[in-house]
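Understanding the architecture of this molecule
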Amino acid sequence: MSELSKPEARRVALAAHGLGNTRRNPATSDIAAVIDGLGVLQLDSVNVFERSHYLPLYARLGRYDTALADDLLLAHSAHPTHVEYWAHVAAFIPVESWPLWRWKMAHHEARSFAAGAWGAEHRAFVDEMFRIVEAEGPITASDIEHDRNKRTGAWWGWSDTKIALETLFDAGLLTSAGRRGFQRLYAVPERVLSPDVLNTHIDESDAVRELVHKAVTAVGVGTEADIADYFRLAKPRTRQALAELVEAGRVVPTTVEGWASPAFTTPGVEIPAAIKANTILTPFDPVTWHRERALRLFDFDYKIEIYTPAAKRQFGYYSLPILMDDRLVARIDLKADRKTKTLIVKSAHWEVSRPRNAVDRLERIVRDAAAWRGLENIVVDDWGDASRDLRAVFG
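The text that follows walks through the structure, step by step, so that each part is easy to find. Given the structure is predicted, the values throughout are model-derived calculations rather than measurements. (Residues numbered from 1 in each chain as written. Predicted model: local features only at pLDDT ≥ 70, side-chain atom pairs only at ≥ 80, totals over all residues. Heavy atoms only, no water.)

**Here's the deal with the packing of aromatic side chains**
- The tally for this structure, following the rule as stated, stands at ten aromatic pairs.
- For the pair Tyr230 and Phe231, a centre-to-centre distance of 5.1 Å together with 90° between the ring planes defines the contact as edge-to-face.
- Taking the centre distance of 5.2 Å and the plane angle of 45° together, the rings of Phe300 and Tyr302 count as tilted.
- The exposure class of Phe300 is buried, given its relative accessible area of 0%.
- Among the residues examined, Tyr302 registers a relative accessible area of 4% and is labelled buried.
- Each residue in the set Tyr85, Trp101, Trp103, Phe169, Tyr230, Phe231 and Trp289 is aromatic and connected to the rest through ring pairs, giving one cluster. (Phe/Tyr/Trp six-rings, centres within 6.5 Å; stacked < 30°, edge-to-face > 60°. Buried < 20%, exposed > 50% of the residue type's maximum accessible area, 1.4 Å probe, protein only.)

Structure (structure tokens):
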């Protein structure tokens, strides 16, 4: 493929990410299709507006019933279509992808139970926790009655019980069976996964190569670093897999205007004439989770300011990118006051470039977000140039 211009690369990437195709009355099958197309749906606990795993679905489907997503992803099922694993960070993946991560689970197991590791030093306790889950699961950490199930100052305040369960989960000796609230339900894989999934064994190099191919498909066009970041694979392994995929004709090299590094895409990838989008993203959307790629593609310099002292924040506690067509044109910090059914725009800032009708479109985005979450009132604080435009609309 000849060189892609930056706008062409943006459109290829956004189309690959499934944006620009909102649906009327999205169904469970639509939600599953979005996740399966992305290959991964990142989890995050921040709930100031809405939990992050709901937002990529909203950006791609429009208003949908989050209860459908809960039933699909969080409810315990004898035959789940999606499970959790560290497939970027904590994330939902299609259940068929679970065997592609067994090599990583094996590495976790080896490290966790190596001499000097926590799992090795507490092996009898870890085995006890496994037997409890095997007998009683699906079960959360807090369900287990044990004198070591007390929070401490280490490992985010985790109890020894939680550390043991997470050690077993990382190693694939336990898996997720949904969630209760935001607590993971643990179960032995045999109680969650089908025999076909459990009996599928993929060589590590084959699994990494397949994950790299999935990443190229999901990003649309990306550098080696972009592709490695998608599933958090090591760059040398990604480089080797890309070379093998290029040789096999499953991936083709290309260049992108202004990019210093070579890029890769899939054969015959189509360049959309336009992307029609008008929505909110999340910091953990594949469009923006790799900050260096967001800067290269969209000239969007992005960071989350949760851990920045309030007085030093430039854009807000948890600002969300605003996508209009194929550009990131603003960022908005939203808070849902659920008691008063109010959506509060804590701040809103324009980027340098935006369409002429950007204010009208941002108004629609805010109204739609409020309606989606059942919030009847909208209040706009006075922080940022886009906030001042919105205050002229909402008062």
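**Description of the packing of helix α14 (residues 358–372) against helix α15 (residues 385–394)**
- Contact geometry for α14 and α15: axes closest at 10 Å, N-to-C directions at 75°. As summarised for this structure, α14 and α15 are arranged roughly perpendicular, according to the angle between their axes. Here Val359, Leu362, Glu363, Val366 and Arg367 of α14 come into contact with α15, specifically with Ala386, Asp389, Leu390, Val393 and Phe394.
- Considered class by class, the residues forming the contact of α14 with α15 number seven nonpolar, no polar and three charged. (Axes fitted to C-alpha atoms, helices over the stretch in contact; angles between N-to-C directions. Helix = DSSP H or I, 4+ residues; strand = E, 2+ residues; numbered from the N terminus. Parallel < 35°, antiparallel > 145°, perpendicular 65-115°, else oblique. Contact = heavy atoms within 4.5 Å. Nonpolar A, V, L, I, M, F, W, Y, C, P; charged D, E, K, R; others polar.)

**A few points about the nonpolar core**
- One finds Trp101 and Ile332 to be the most contacted residues of the largest nonpolar core, which totals 107 residues.
- Setting aside chain neighbours within four positions, we find Trp101 in contact with Tyr85, Trp86, Ala87, Ile93, Leu211, Phe231 and Leu233.
- Grouped together as the second largest cluster of nonpolar side chains are 21 residues, Leu4, Ala13, Val256 and Phe298 included. (Core = buried A, V, L, I, M, F, W, Y, C linked by side-chain atoms within 4.5 Å.)

**Observations concerning the sheet that holds strand β2 (residues 82–86)**
- As summarised here, the arrangement of the three strands in space is β1-β3-β2, forming an open sheet in which the pairing is antiparallel. Two strands close off the open sheet at either side, each with one partner strand: β1 (41–42) and β2.
- Relative to strand β3 (residues 90–94), β2 runs antiparallel, the two sharing five bridges. Among the inter-strand pairings, Glu84 is bridged to a residue of β3, identified as Phe92. (Pairing = 2+ DSSP bridges.)

**Focus on the sheet that holds strand β7 (residues 252–254)**
- Here we have three strands laid out as an open sheet, ordered β6-β8-β7, and antiparallel in their pairing. What marks the edges here is a single partner per strand, and that holds for β6 (221–223) and β7. On average, each strand axis in the sheet is inclined to that of its neighbour by 40°, with strand direction left out of account.
- As judged from the three bridges shared by β7 and strand β8 (residues 263–265), these two strands associate in the antiparallel manner.

**Quick notes on the pattern of salt bridges**
- Summed over the entire model, instances satisfying the criterion amount to 25 salt bridges.
- One salt bridge in this structure joins Arg10 and Asp326, with 3.9 Å as the shortest N-O distance. In this pair, Arg10 sits in helix α1 (residues 6–16) while Asp326 sits in the loop between β10 (320–324) and β11 (327–337), placing the two residues 316 residues apart along the sequence.
- Take Arg10: its relative accessible area is 6%, and that puts it in the buried class.
- Note on Asp326: relative accessible area 15%, which makes it buried.
- A salt bridge links Glu84 to Arg179, with the shortest nitrogen-to-oxygen separation between them at 2.8 Å. You can see Glu84 sitting in strand β2 and its partner Arg179 sitting in strand β4 (residues 175–180), a full 95 residues away along the chain.
- For Arg179, a relative accessible area of 12% puts it in the buried group. (Salt bridge = Lys/Arg side-chain N within 4 Å of Asp/Glu carboxyl O.)

Interpretation in functional terms is not warranted from these geometric data alone.
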